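Here's the letter readout for the chains.
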Amino acid sequence: MQSATSILKSLESDSIEIFRESAAVFRKPVMMYSIGKDSSVLLHLAKKAFFPGPIPFPLLHVDTTWKFKEMLSFRDSVVKENNLELIVHSNQDGIDAGVNPFTSGISEYTRIMKTMALREALDAHAFDAAIGGSRRDEEKSRAKERVFSVRETGHTWDPRNQRPELWRTYNTRLNAGQSMRVFPLSDWTEADIWNYIYQENIEVNPLYFAKPRPVVTRGSQLIMVDDERFPLLNNETPELKTVRFRTLGCYPLTAAVESNAKTIAEVVEEVLHVKLSERATRLIDGENEDSMEKKKSEGYF
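Just so it is clear, the structure is predicted and the values come from calculations on it, not from any experiment.

Q: Hey, could you go over the layout of surface pockets for me, with residue numbers and the actual values?
A: In this model, the largest pocket occupies a volume close to 220 Å³. If you trace the largest pocket, you find 14 residues lining it, with Gly-53, Pro-54, Ile-55, Asn-82 and Leu-84 closest to the centre. Of the residues that constitute the lining of the largest pocket, the class distribution is eight nonpolar, three polar and three charged.

Spelled out as structure tokens, the structure:
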């Protein structure tokens, strides 16, 4: 049986190979940077893949304007510290129209501020491949992805029209109008990610660690009140609870979990015993919202 260290070493080696293949075969790749733990691991692997040279492609952050404040400050700090080329793109038409997570409906907000914004950015810069940190274990439609996943014209995805990847043999050819989504972390699990963060001492966003934060309870979810734009209900007052986040996104749509895990080691221990998927805390994946497969078919990452 493989040890945890050898498993991580194998995963790391495979991911580095995928990065190098992407840089070699695509005309103009870009790496998605969502500022979460998977992005932090992805960035660490990219730096390893091309060391001692720089990462040979820019990073892209799709900013909905509703991210946690600590996400944006962490992003800017990482970019400055590592001298990275970062492209930040927002859907200006959506901003001008006042699209938001509260009055626009979660699915429509996601479509306009995330999916359409991503498609706009990829088209504006003529990127033919987008490298991202999605993992198969996150959600059932993610498990249908190939490592090199073809997108048709308009960045649409058809899970029935993907190429076989036998013995890790990849077909990276693109026809006119096609582009590629690349997933170097596809075979990693949430536990692998945190064990690797611990092993490599990778800096991650402080939101992943427990501390008292102002939250309100909406249904069964704890939502952090991150700024004055959050509309409180009648007689609703934020209360301090010791919470952390398992996944990061737009703050009104990302629930916290009660926890006392304040270090990477404590987070690793907690993750090893939790049974609920981390995406259970993402309101965009709720049972009343469009399925992830539908979102991905429209161009969502």
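Q: Quick rundown of the domain arrangement of the chain? Include the residues and the values.
A: Here the domain parsing of the chain yields domain 1 (2–188) and domain 2 (192–271). When each unit is reduced to the centre of its C-alpha atoms, the spacing between domain 1 and domain 2 is 23 Å. Each partner contributes residues to the interface: domain 1 has 33 residues there, and domain 2 has 32 residues. The junction of domain 1 with domain 2 conceals about 2800 Å² of combined surface from both sides, 66% of it contributed by carbon and sulfur atoms. Its largest share of buried area at the contact with domain 2, domain 1 owes to Lys-37, Trp-66 and Phe-68, together 27% of the area lost on that side. Where domain 1 meets domain 2, there are two salt bridges. The shortest N-O distance in the salt bridge between Asp-226 and Lys-69 comes to 3.5 Å. Taken together, domain 1 and domain 2 are joined by nine residue pairs in polar contact (both at pLDDT 80 or more). Contributing elements (two or more residues each) for the side of domain 1 that touches domain 2: α1 (4–25), α2 (37–50), α3 (69–82) and α5 (106–124). Among the elements that line the side of domain 1 that touches domain 2, the one with the most residues is α2, at seven residues. The class makeup of the residues in the side of domain 1 that touches domain 2 is 16 nonpolar, six polar and 11 charged.

Q: Before we move on, can you summarise the pattern of salt bridges with the specific residues and values?
A: Tallied over the entire structure, the rule returns 16 salt bridges. Where Glu-12 meets Lys-48, a salt bridge forms, and the shortest distance between an N and an O atom there is 2.7 Å. Taken as a pair, Glu-12 in helix α1 and Lys-48 in helix α2 lie far apart in primary sequence, 36 residues in all. What makes Glu-12 buried here is its relative accessible area of 5%. Note on Lys-48: relative accessible area 31%, which makes it partly exposed. Among the ionic pairs, Arg-246 bridges to Glu-190, the shortest N-O distance being 2.7 Å. With Arg-246 in the loop between β9 (239–244) and β10 (255–258) and Glu-190 in helix α6 (residues 190–200), the pair connects residues that are 56 residues apart, well separated along the chain.

So, how was this worked out
- Residues numbered from 1 in each chain as written.
- Predicted model: local features only at pLDDT ≥ 70, side-chain atom pairs only at ≥ 80, totals over all residues.
- Heavy atoms only, no water.
- 1 Å grid on protein atoms, 1.4 Å probe; cavity = no way out; pocket = protein on both sides within 12 Å on 5 of 7 lines; lining within 4 Å.
- Points joined across faces, edges and corners; volume = space filled by probe spheres on them.
- Nonpolar A, V, L, I, M, F, W, Y, C, P; charged D, E, K, R; others polar.
- Domains from an automatic or database assignment.
- Contact = heavy atoms within 4.5 Å.
- Buried area = accessible area lost by both parts, 1.4 Å probe.
- Salt bridge = Lys/Arg side-chain N within 4 Å of Asp/Glu carboxyl O.
- Polar contact = N/O pair within 3.5 Å; in protein donor to acceptor, adjacent residues only side chain to side chain.
- Helix = DSSP H or I, 4+ residues; strand = E, 2+ residues; numbered from the N terminus.
- Buried < 20%, exposed > 50% of the residue type's maximum accessible area, 1.4 Å probe, protein only.

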